[in-house]
Amino acid sequence: MNKQHESPIKRRVSRKIWVGNVPVGGDAPIAVQSMTNTETTDVAATVAQIKALENAGADIVRVSVPTMDAAEAFGKIRKLVNVPLISDIHFDHKIALRVAELGVDCLRINPGNIGREDRVREVIAAARDKNIPIRIGVNAGSLEKDLQKKYGEPTPEALVESAMRHIDILDRNNFLDFKLSLKASDVFMTVAAYRQIANQIEQPLHLGITEAGGLRSGTVKSAIGLGLLLMDGIGDTLRVSLAADPVEEIKVGFDILRSLRLRNKGINFIACPSCSRQNFDVIGTMNELESRLEDILTPLDVAVIGCVVNGPGEAKEVDVAVTGGSPNLIYLNGKPDHKITNDKLVDHFETLIRQQVAAKEALDETIIAKN
């Protein structure tokens, strides 16, 4: 039983582009992506990390391609994974041309740092020929020198002016299939820049707070910054930049979107913070369940409540729930079903969740088949 309501957020209308088989912009779901941190020339390690990200639910993965050797490795990687891949390229237009030949799904470049415009035109021509979109990535830490001099320091206006320079190059070449990011490590600067640019272009916007920090601090900063923009309806794809395992970026990204009812993927846990009223170890139970159930991507609402004060109310609104008692009470589809003792709780609850997931998947397949 999924009583997930539609999000009240009215999203900004943007031009839809395609990154491989993933739509970005328009009416498409907000895509969640991450970036590999392995050496791209280490094909096996990079493929393993991409597959781990894909298993965590990543819609898109970005791979840095700084050299021609990395480009050749990228070609091998492309053949070994299914998720759409973005190549991250700076300065050398020949690398962009090579990965375009090797099957890249999106080119992340800044046209302004590719060099002469004839080189930019070559990249644009290759992208157009192979239906490859471009992502313009503006970062507060790498603004053009004249903009640094003009503004004195990175500002939202400086980020937007830098972006418009790159966009003008694409406009002069009549290339419209691009998306844009305007990232800073400062929440206020990032939010202000995206709000300004959102009214000036129709292309999709890729959100991120760059160099946000470690797992905890970076999650908090990203949740605040991305949350503010998403609440405004701004954002078509996002990355949570963490100094942590890239898989954590995917988890946090979906948690942010799920909290705003913008994506519904995986288990939505509702859990009390626990107190002296709890009849079982709520924190330990949650840690164990989250660890065991990371593989589930099917949407499911699950409540873990330690006592009977708020438990029954929450249990009535979810697919599976447990409320603390003597013994604890299990709810299925919002109704009391049976009781379970503490010693069997985690194993039994995991089994119930997996059964509910299997039933939901079977129902979804039946509906698809009928349609």
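Quick look at the structure, then. (Residues numbered from 1 in each chain as written. Predicted model: local features only at pLDDT ≥ 70, side-chain atom pairs only at ≥ 80, totals over all residues. Heavy atoms only, no water.)

### Some details on the overall build of the chain
Right, on to step 1. Counting secondary structure elements, the chain contains 12 helices and 15 strands.
Right, on to step 2. For 371 residues, the compact-globule estimate of 2.2 N^0.38 gives 21 Å, and the C-alpha radius of gyration of the chain, at 23 Å, lies within 12% of that figure.
Right, on to step 3. Considering only C-alpha atoms, the chain reaches an extent of 75 × 45 × 40 Å along its principal axes.
Right, on to step 4. A buried classification covers 51% of the 371 residues belonging to the chain.
Right, on to step 5. Across the chain, contacts joining residues at least 24 apart in sequence account for 66% of those joining residues at least 6 apart.
Right, on to step 6. When the accessible surface of the chain is split by element, carbon and sulfur atoms take 51% of a total near 17,000 Å².
Right, on to step 7. Across the chain, the centroid of the 45 positively charged side chains sits 2 Å from that of the 49 negatively charged ones. (Helix = DSSP H or I, 4+ residues; strand = E, 2+ residues; numbered from the N terminus. Rg over C-alpha atoms; globule rule 2.2 N^0.38 Å. Buried < 20%, exposed > 50% of the residue type's maximum accessible area, 1.4 Å probe, protein only. Contact = heavy atoms within 4.5 Å. Areas by Shrake-Rupley, 256 points an atom, 1.4 Å probe, with all protein chains shown as cover. Lys, Arg positive; Asp, Glu negative; His and termini not counted. Charge placed at Lys NZ, Arg CZ, Asp CG, Glu CD.)

### Let's talk about a nonpolar patch on the surface
Right, on to step 1. Side chains of Val220, Ile224 and Leu228 sit close together on the surface and give an oily, nonpolar patch of about 250 Å² of accessible area.
Right, on to step 2. Inspection of the secondary structure assignment puts Leu228 in helix α8 (residues 215-231). (Patch = residues over 30% accessible without salt bridge, like charges linked within 9 Å, V, L, I, M, F, W, Y side chains within 5 Å. Salt bridge = Lys/Arg side-chain N within 4 Å of Asp/Glu carboxyl O.)

### What to know about the pattern of salt bridges
Right, on to step 1. Under the defined criterion, the tally for this structure stands at 29 salt bridges.
Right, on to step 2. One salt bridge in this structure joins Asp236 and Arg12, with 3.6 Å as the shortest N-O distance. Here Arg12 lies in the segment before β1 (17-19) and Asp236 lies in the loop between α8 and β10 (237-238), a separation of 224 residues in the sequence.
Right, on to step 3. Judged by relative accessible area, Asp236 falls into the buried class, the value being 2%.
Right, on to step 4. Residues joined by salt bridges that share partners form a network here, namely Glu288, Arg292, Asp295, Asp347, Glu350 and Arg354.

### A few points about the sheet that holds strand β4 (residues 60-64)
Right, on to step 1. The strand order β8-β7-β6-β5-β4-β3-β10-β9 describes an open sheet built from eight strands, whose pairing is parallel. In the strand order of this sheet, the two ends are held by β8 (178-183) and β9 (206-207), each with one partner.
Right, on to step 2. Two elements, strand β7 (residues 134-139) and β8, share six bridges in a ladder whose sense is parallel. Among the inter-strand pairings, Val138 is bridged to a residue of β8, identified as Leu182.
Right, on to step 3. Together, β3 (31-35), β4 and β5 (85-88) form the strand contacts of helix α1 (residues 43-55), whose direction differs from that of β4 by roughly 155°. (Pairing = 2+ DSSP bridges. Axes fitted to C-alpha atoms, helices over the stretch in contact; angles between N-to-C directions.)

### Observations regarding the environment of Lys360
Right, on to step 1. Within the secondary structure, Lys360 is located in helix α12 (residues 345-370).
Right, on to step 2. Taking C-alpha positions, Lys360 is 41 Å from Phe188, a pair spaced 172 residues apart along the chain.

### Describing the packing of helix α7 (residues 187-198) against α8
Between two packed helices, both the angle of their axes relative to each other and the distance between the axes serve to describe the pair.
Right, on to step 1. Two numbers describe how α7 lies on α8: the axes approach to 10 Å, and their chain directions differ by 20°. With respect to each other, α7 and α8 are oriented roughly parallel. Two packed elements cross with a definite hand, and for α7 against α8 that hand is right-handed. Judged by residue contacts, Val187, Val191, Tyr194 and Arg195 of α7 engage Lys221, Ile224, Gly225, Leu228 and Leu229 from α8. (Parallel < 35°, antiparallel > 145°, perpendicular 65-115°, else oblique. Left-handed = near helix turned anticlockwise from the far one by under 90°.)

### Overview of helix α3 (residues 93-101)
Right, on to step 1. If you check which residues of α3 are buried, you get His93, Ile95, Ala96, Val99 and Ala100. Projected onto a plane normal to the axis of α3, the buried residues spread over an arc of 155° and lie on a single side. Exposed side of α3, more than 90 degrees from the buried face: Lys94 and Glu101 are the residues found there.
Right, on to step 2. Taken together, the buried residues of α3 touch α2 (68-80), β5, β6 (106-109) and α4 (117-129).
Right, on to step 3. Structurally, the start of α3 carries an N-cap: the backbone nitrogen of Lys94 is 3.0 Å from a side-chain oxygen of Asp92.
Right, on to step 4. Looking one or two residues past α3, Gly103 carries a phi angle of roughly 100°, positive in sign. (Arc of directions from axis to C-beta. Polar contact = N/O pair within 3.5 Å; in protein donor to acceptor, adjacent residues only side chain to side chain.)

### Comments concerning the pairing of strand β11 (residues 267-271)
Right, on to step 1. Bridge analysis of β11 against strand β12 (residues 300-305) gives five bridges, and the strand direction is parallel. Considered in β12, the bridge of Ile270 is made with Ala303.

### Things to note about the environment of Ile95
Right, on to step 1. By secondary structure assignment, the location of Ile95 is in helix α3.
Right, on to step 2. Note: C-alpha distance between Ile95 and Glu288 (193 residues apart in sequence) is 45 Å.
Right, on to step 3. Residues contacting Ile95, with those up to four places away along its chain left out, are Val65, Pro66, Thr67, Met68, Ala71 and Ile89.

### Looking at unusual backbone geometry
Right, on to step 1. Each neighbour pair has its own omega, and for Ser326 with Pro327 the value is 0°, a cis peptide bond.
Right, on to step 2. Along the polypeptide, Pro327 turns up in the loop between β13 (320-323) and β14 (328-332).
Right, on to step 3. Positive phi is not limited to glycine here, since Asn131 has a value of about 55°.
Right, on to step 4. Along the chain, the position of Asn131 falls in the loop between α4 and β7.

### Concerning the side chain of Arg108
Right, on to step 1. The topology assignment puts Arg108 in strand β6.
Right, on to step 2. Classification of Arg108 as buried rests on a relative accessible area of 8%.
Right, on to step 3. When neighbours within four sequence positions are excluded, Arg108 is seen to be in contact with Arg62, Ile86, Ser87, Asp88, Ile89, His90, Arg135 and Gly137.

### Structural notes on the sheet that holds β12
Right, on to step 1. What the five strands build is an open sheet, ordered β11-β12-β13-β14-β15; its pairing is mixed. Edge positions in the open sheet fall to β11 and β15 (335-340), since each of these has one partner strand only. Within this sheet the neighbouring strands show an average axis-to-axis angle of 20°, counted without direction.

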